[in-house]
Amino acid sequence: MNKNPNRGSLTIVGWGMRAGQCSPEAVNRIVEGDVVFMLVAGWLAEQLVRRLNPRARSLQHFYRARPNRRAAYTAMVAEILAAVRAGHNVCVVVYGHPGVFVTPTHAALRLARANGFDAEMLPAISAEDSLYADLGVDPGIGVQSYEARDCYLHARAIDASAALILWQIAVTDDQSF
């Protein structure tokens, strides 16, 4: 990915919903990363990422160390960008799809690009993909997909003739983001 080997870069990859759902291209980026950060679900996923790259380290501690999600996200992005600015080829591995409900990945990507660094996001199997497979639902019937708090706050119009997916219901009352 890095077109300039003397300059840092950022690649954000999705781990998928479970082991084995990560693309071969994403696995290569994890293996080749100078610095690998991860936000994956559980101890086993962390061990599997560390098996691909022993330098991998978790970003989960930011959730425990910060008073709210916004502060945790800001700290994560700062750590990621510090490694990119230090000239490292950085890979960030996240649970599911890296662009779906992962605020820090979008912020890090935007900042890296704004600062002139090579930065890209590689897709993975998301929770929504898994939902269609697990329930045997064809999204071709029509699907509305909203973050629950956003749907409520903005009084989104619901089409009763299409499926409705509401995400992140557990944090609907979280005022911090």
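Residues numbered from 1 in each chain as written. Predicted model: local features only at pLDDT ≥ 70, side-chain atom pairs only at ≥ 80, totals over all residues. Heavy atoms only, no water.

Novice: Would you mind showing me how to read the side chain of N53 here?
Specialist: Tracing the chain through its elements places N53 in the loop between α2 (42-52) and β3 (57-58). At a separation of 3.4 Å, a polar atom in the side chain of N53 contacts the main-chain carbonyl oxygen of V31. Residues in contact with N53, not counting those within four places in the same chain, are I30, V31, G33 and V36. (Helix = DSSP H or I, 4+ residues; strand = E, 2+ residues; numbered from the N terminus. Polar contact = N/O pair within 3.5 Å; in protein donor to acceptor, adjacent residues only side chain to side chain. Contact = heavy atoms within 4.5 Å.)

Novice: Looking at this structure, I do not really get the packing of aromatic side chains. What am I missing?
Specialist: Centre-to-centre distance and the angle between the planes together describe a pair of aromatic rings. All chains considered together, the criterion is met by 2 aromatic pairs. When the centroid spacing of 6.3 Å and the interplanar angle of 80° are considered together, the rings of Y63 and Y73 count as edge-to-face. On the criterion of sequence distance, the pair formed by Y63 in helix α3 (residues 61-65) and Y73 in helix α4 (residues 69-85) is long-range, its members being 10 residues apart. With a relative accessible area of 10%, Y73 lands in the buried category. (Phe/Tyr/Trp six-rings, centres within 6.5 Å; stacked < 30°, edge-to-face > 60°. Buried < 20%, exposed > 50% of the residue type's maximum accessible area, 1.4 Å probe, protein only.)

Novice: Even after reading the chapter, I still don't get unusual backbone geometry, so can you show me in this structure?
Specialist: Among all residues except glycine, the phi angle is most often negative; among peptide bonds, the trans geometry is most common. Here F101, not a glycine, exhibits a phi torsion of approximately 55°, which is positive. Of note, F101 is situated in the loop between β4 (89-94) and α5 (103-114). F101 gets classed as partly exposed once you look at its relative accessible area, which sits at 38%. One non-glycine residue, A155, adopts positive backbone phi at about 45°. Since its relative accessible area comes to 62%, A155 is described here as exposed.

Novice: Before we go on, may I ask you to explain the pairing of strand β1 (residues 9-14) in this structure?
Specialist: Consecutive side chains along a regular strand alternate between the two faces of the sheet. Counting buried residues in β1 gives 6 out of 6 residues, a clear majority hidden from the surface. Burial along β1 is two-sided: S9, T11 and V13 facing one way and L10, I12 and G14 facing the other are all buried. Where β1 lies against β4, 6 bridges are found, and the strand directions are parallel. Residue pairing for β4: V13 is matched across the bridge by V93. Here β1 pairs with strand β5 (residues 118-122) via 5 bridges, running parallel. Across the sheet, V13 pairs through a bridge with L122, a residue of β5. (Pairing = 2+ DSSP bridges.)

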